[in-house]
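Understanding the architecture of this molecule
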Amino acid sequence: MARNYLIISCATNSFKHRHKKKFLKWLSNIVSDYYEDLGMDIMNNDDYSDDYDERFSWDAEEWRDNIIDGHELISDDMLYKFDELLIDSFTEVGEEIASVGYDHYGMGHSGWNGVYEFCGMYLLTGSDYNEGPSSDKYELLNYLDFDDERHDVFKSKYAD
């Protein structure tokens, strides 16, 4: 496995993280959606059918553990898809830890940038760019200009 998957990092970090329950719920939902997209019905799959897939019986914690352990039934394609879904939903499931809003001279010079955390991984998103994900929140927080008095600044206790 040559690629560093965001899903593996989040899964690994989730064990003792304040987002543990949120991660497991998110994982359960995306696994279900993933199988639906493939046209598979998890609810109607049992041990006796010819196309039984043992992954159907995994709960969210087993999925997390098997993602971390590199279970043979979890392919790179699946991890890649989970990474895409995580990036796409990062600002929905993640927690905003800091942001800066600015309005200097009209639309061309106005915007908003914020850093989101999910299970110890961070993403900077804003009006004109995205940066990350990264495990180094300070790297991403450095993009935000907290010192300009004209900016609307938000910092949670997790931004320190």
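That block above? That's the structure.
Counting starts from 1 at the beginning of each chain's written sequence and moves along it residue by residue. Residue-level local features of this predicted model are given only where pLDDT is at least 70; pairs of side-chain atoms are given and counted only at 80 or more, and the full residue set underlies all totals for whole chains, interfaces and linings. Here the side-chain values reflect all heavy atoms present in the structure, with hydrogen atoms and water set aside.

**A short note on the nonpolar core**
Grouped together as the largest cluster of nonpolar side chains are 30 residues, with contacts concentrated most on Ile-7, Phe-23, Leu-27, Trp-63, Ile-67 and Phe-82. Numbering of helices and strands starts at the N terminus; helices are DSSP runs of H or I of at least 4 residues and strands are runs of E of at least 2. At the level of secondary structure, the elements contributing two or more residues to this core comprise helix H1 (6–13), helix H2 (20–37), helix H3 (60–69), helix H4 (76–93), strand E2 (110–118) and strand E3 (121–126). Top element by residues in this core is H2. It accounts for eight residues. Residue contacts are counted whenever heavy atoms from the two residues lie within 4.5 Å of one another. Sequence-distant contacts of Ile-67, that is, excluding residues within four places in its chain, are made with Ile-7, Ile-8, Ala-11, Leu-27, Ile-74, Leu-79 and Phe-82. Grouping buried Ala, Val, Leu, Ile, Met, Phe, Trp, Tyr and Cys residues that are joined through side-chain atoms within 4.5 Å yields what is termed a nonpolar core. For every residue, the accessible area obtained with a 1.4 Å probe (protein chains only) is divided by the maximum for its type, and the residue is called buried under 20%, exposed over 50%, and partly exposed between those limits. Ile-97, Val-100, Val-115 and Ala-159 belong to the second-largest nonpolar core, a separate cluster that totals eleven residues.

**What to know about the packing of H2 against H4**
To get an axis, a line is fitted to the C-alpha atoms, and for a helix only the part in contact is used. The angle between two axes follows their N-to-C directions and goes from 0 to 180 degrees. Put simply, H2 and H4 touch, their axes get as near as 11 Å, and they point 130° apart. The angle between the axes of H2 and H4 places the two elements in the oblique class. The interaxial crossing formed by H2 with H4 has right-handed handedness. For the pair H2 and H4, the contacting residues are Lys-22, Trp-26, Ile-30, Val-31, Tyr-34 and Tyr-35 in the first and Met-78, Lys-81, Phe-82, Leu-85, Leu-86, Ser-89 and Val-93 in the second. The residue inventory of the contact of H2 with H4, partitioned by class, reads ten nonpolar, one polar and two charged. Roughly parallel refers to an angle under 35 degrees, roughly antiparallel to one over 145, roughly perpendicular to one between 65 and 115, and oblique to any angle outside these ranges. By convention, the crossing between two helices is left-handed when the near helix turns anticlockwise from the far helix through less than a right angle, and right-handed when the turn is clockwise. Asp, Glu, Lys and Arg are counted as charged, while Ala, Val, Leu, Ile, Met, Phe, Trp, Tyr, Cys and Pro are counted as nonpolar; the rest, among them Gly, fall into the polar class.

**Focus: unusual backbone geometry**
Here Gly-132 and Pro-133 are connected by a cis peptide whose omega angle stands at 10°. With respect to the element layout, Pro-133 can be found in strand E4 (residues 130–134). In this structure, Cys-119 is a non-glycine residue whose phi angle is positive, near 50°. On the secondary structure map, Cys-119 appears in the loop between E2 and E3.

**Quick notes on the pairing of E2**
Walk down a regular strand and you will see the side chains alternate between the two sheet faces. Here E2 lies mainly inside the structure; seven of its nine residues are buried. We call two strands paired when DSSP finds no fewer than two bridges between them. Judged from the eight bridges that link them, strand E1 (residues 95–103) and E2 form a sheet pairing that is antiparallel. Paired with Ala-98 across the strands is Val-115, a residue of E2. Across six bridges, E2 lies against E3 in antiparallel orientation. Residue pairing across strands places Asn-113 opposite Gly-126, the latter belonging to E3. If you look at the hairpin formed by E2 and E3, you'll find two residues sitting between the two strands, and Cys-119 has a positive phi there, around 50°.

**Some details on the sheet that holds E1**
Taken together, five strands build an open sheet; the order of strands is E4-E3-E2-E1-E5 and the sheet is antiparallel. Strands with a single pairing partner mark the edges of an open sheet, and in this sheet they are E4 and strand E5 (152–155). Each neighbouring strand pair of the sheet contributes to a mean axis angle of 10°, computed without reference to strand direction. Where H4 meets the sheet, its contacts fall on E1, E2, E3 and E4, and the angle it forms with E2 comes to roughly 95°.

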